[in-house]
Structures are given as C-alpha cells and as structure tokens.
Amino acid sequence: TATYYKGTACITGYSGSATEIEIPSKIAWYHDVTGPDLAIHYEYEVDVVAIGSSAFSVETGNEGQNKLLTIIAIPNSVTNIGRAAFFGCSGLSLISIPDSVTNIGELAFFNCSGATTITIGNGVTTIGKNAFYNCSGATTITIGNGVTIIGENAFYNCSGATTITIPDSVTSIGQSAFAYCSSATSITIPDSVTSIGQSAFGGCSGATSITIPGCATNMGDYAFAGCSGATTITIGKIGRASCRERV
C-alpha cells in the first residue's frame, strides 16, 4: 500500500506472501473527478521517495509473513526510510541502502538479526537511534562517507561484526552506538569525530587495538568500558593541525 503527496509516493505497508521483494521506483496513481456533466479519469506514474514508518514491520498485521522476508531491494528513488520501517525482519539476508537515501529513521532495521552484510550508501547523513540495533548476524558493516551523525544505540549488539568502517565524515557518535560489537577486532575513529557518547564502544571485548582522535573534545563516561581485549590504545595529539582545521 502507498500514500501520495504532491506527485510522490510513500510505501506504507505490505500484505503479500512473497519472501523476495523489489520495491518499485514508480507506481501508478489514479484520480477521478466527477460532477454534473463531468467525468475525468487521471492516471499518473509517480516516484516512490519514501518507505514509511513500520511499512514492513513485524508489528503490523502481516507479522508472520514479514518475518520470512529474505530480500528487499530499495530503489534509487527513495530518499527516506521511516521509523521502524523494517522492524524485526529477522529473515533478511542483507541490508543494502542506496546512495539516494539521506535519512535512516529510528528503529528502521531493529533486530534484523539474519542480515550478514549492512551497506549504507554515501547519501545518508543521519543514522537514527536504534536503527540497526541487534543486527547480530552482520559480519561486515560499511557506513557511507556522507554520514555525519551516528545515533544512540545505532549498532548496539551487532555482535557478529568483525569489520566496522567509520568514515571521516562522521562528527558525532551517540551513546552506546557500537556497544557490544564484541567481534570487532579493531576500532579506529577518524579525526572528524568531535563527540563520543557514553558507552559508545562499551563491551567491544574483541578489539585488540583502539585509535582515538585528539579532535574528540567531548567523550562520555565509559566510552570504552569493557574493551578488555585491547592491547594497544592510541590517542591522537590534542589540538593538532587536522583538528584546528575543522573548527
């Protein structure tokens, strides 16, 4: 199902039985105008620009089927993925977000625990709170180089991830954003980051090396608590040129 607004469409729900879905980039819109001695039928193709809140969530009426979804292809026309859009779709085998998307809402892929790969396109600027919470099956997480804010609990308990790449576009890492990503073997935070939230990397016990930028002027309590495997911790020089250039 979909809603229409000013020549665009937002996907609001799914009630089918397929396990593999390709969301169309355009859908048909019909509109009838009637009146005395008047009957006009309009038919348009409109761009799908958003996936609405809880559109494929297991908390909707199609709960049982949505859990069985294995592949959902998101078209390049989509710019926004709404709150809890794919909440609990634990059968998804991968999550791939195209460059056209600029915002990933809170809880968008919460508990999509079956996905082995998470790839976030370069157009995304904000990753919402709890967006990929408990995507525990993902072994590789690639964050696009347009992201500036990683929200609270964004990748909490992505415990299978051995590789997490934080691009140098990121300025803020929220509270518990990567907490309990216990399989990650190293944590490297780029110079662009100025704020690291409380417990941001707490419980990342598999990390043997941690690199913290000197540009991080705001670091929350317990930011690296429980990183018990770390044998090397490198802290950048505070106030170095690369930091001053960002002020």
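Below, the structure is looked at part by part.

Procedures and definitions
Residues numbered from 1 in each chain as written. Predicted model: local features only at pLDDT ≥ 70, side-chain atom pairs only at ≥ 80, totals over all residues. Heavy atoms only, no water. Pairing = 2+ DSSP bridges. Helix = DSSP H or I, 4+ residues; strand = E, 2+ residues; numbered from the N terminus. Axes fitted to C-alpha atoms, helices over the stretch in contact; angles between N-to-C directions. Core = buried A, V, L, I, M, F, W, Y, C linked by side-chain atoms within 4.5 Å. Buried < 20%, exposed > 50% of the residue type's maximum accessible area, 1.4 Å probe, protein only. Contact = heavy atoms within 4.5 Å. Salt bridge = Lys/Arg side-chain N within 4 Å of Asp/Glu carboxyl O.

### Thoughts on the sheet that holds strand 12 (residues 140–142)
The strand order across the open sheet built from four strands is 8-10-12-14, with neighbouring strands paired in parallel fashion. Two strands bound the open sheet, and with one partner strand each, they are strand 8 (94–97) and strand 14 (163–165). Pairs of neighbouring strands in the sheet enclose a mean axial angle of 5°, with direction left out of account. Here strand 8 runs beside strand 10 (residues 117–120); their pairing, made up of four bridges, is parallel. Looking at the pairing, leucine 94 lines up with threonine 117 of strand 10.

### Section: the nonpolar core
Looking at soluble globular proteins, one finds that nonpolar side chains tend to be buried together. Membership of the largest hydrophobic core comes to 65 residues, with the highest contact counts inside it found for Phe56, Phe86, Ile127, Phe132, Phe155, Phe178 and Phe201. Contributing elements (two or more residues each) for this core: strand 2 (8–11), strand 5 (38–51), strand 8, strand 10 and strand 18 (209–212). The element best represented in this core is strand 5, accounting for three residues. Residue contacts for phenylalanine 178: discarding those within four places in its chain leaves Ile143, Ile150, Phe155, Ile164, Ile166, Ile173, Ala200, Phe201 and Cys204. Val58, Ala84, Leu107 and Phe110 belong to the second largest nonpolar core, which has five residues in total.

### Some remarks on the pattern of salt bridges
In this structure the tally under the stated criterion is one salt bridge. Lysine 26 is the salt-bridge partner of aspartate 47, the closest N and O atoms lying 2.5 Å from each other. Here the residue aspartate 47 occupies a position in strand 5, and lysine 26 occupies one in strand 4 (residues 26–35), the gap between them amounting to 21 residues. The exposure class assigned to lysine 26 is partly exposed, which follows from its relative accessible area of 40%.

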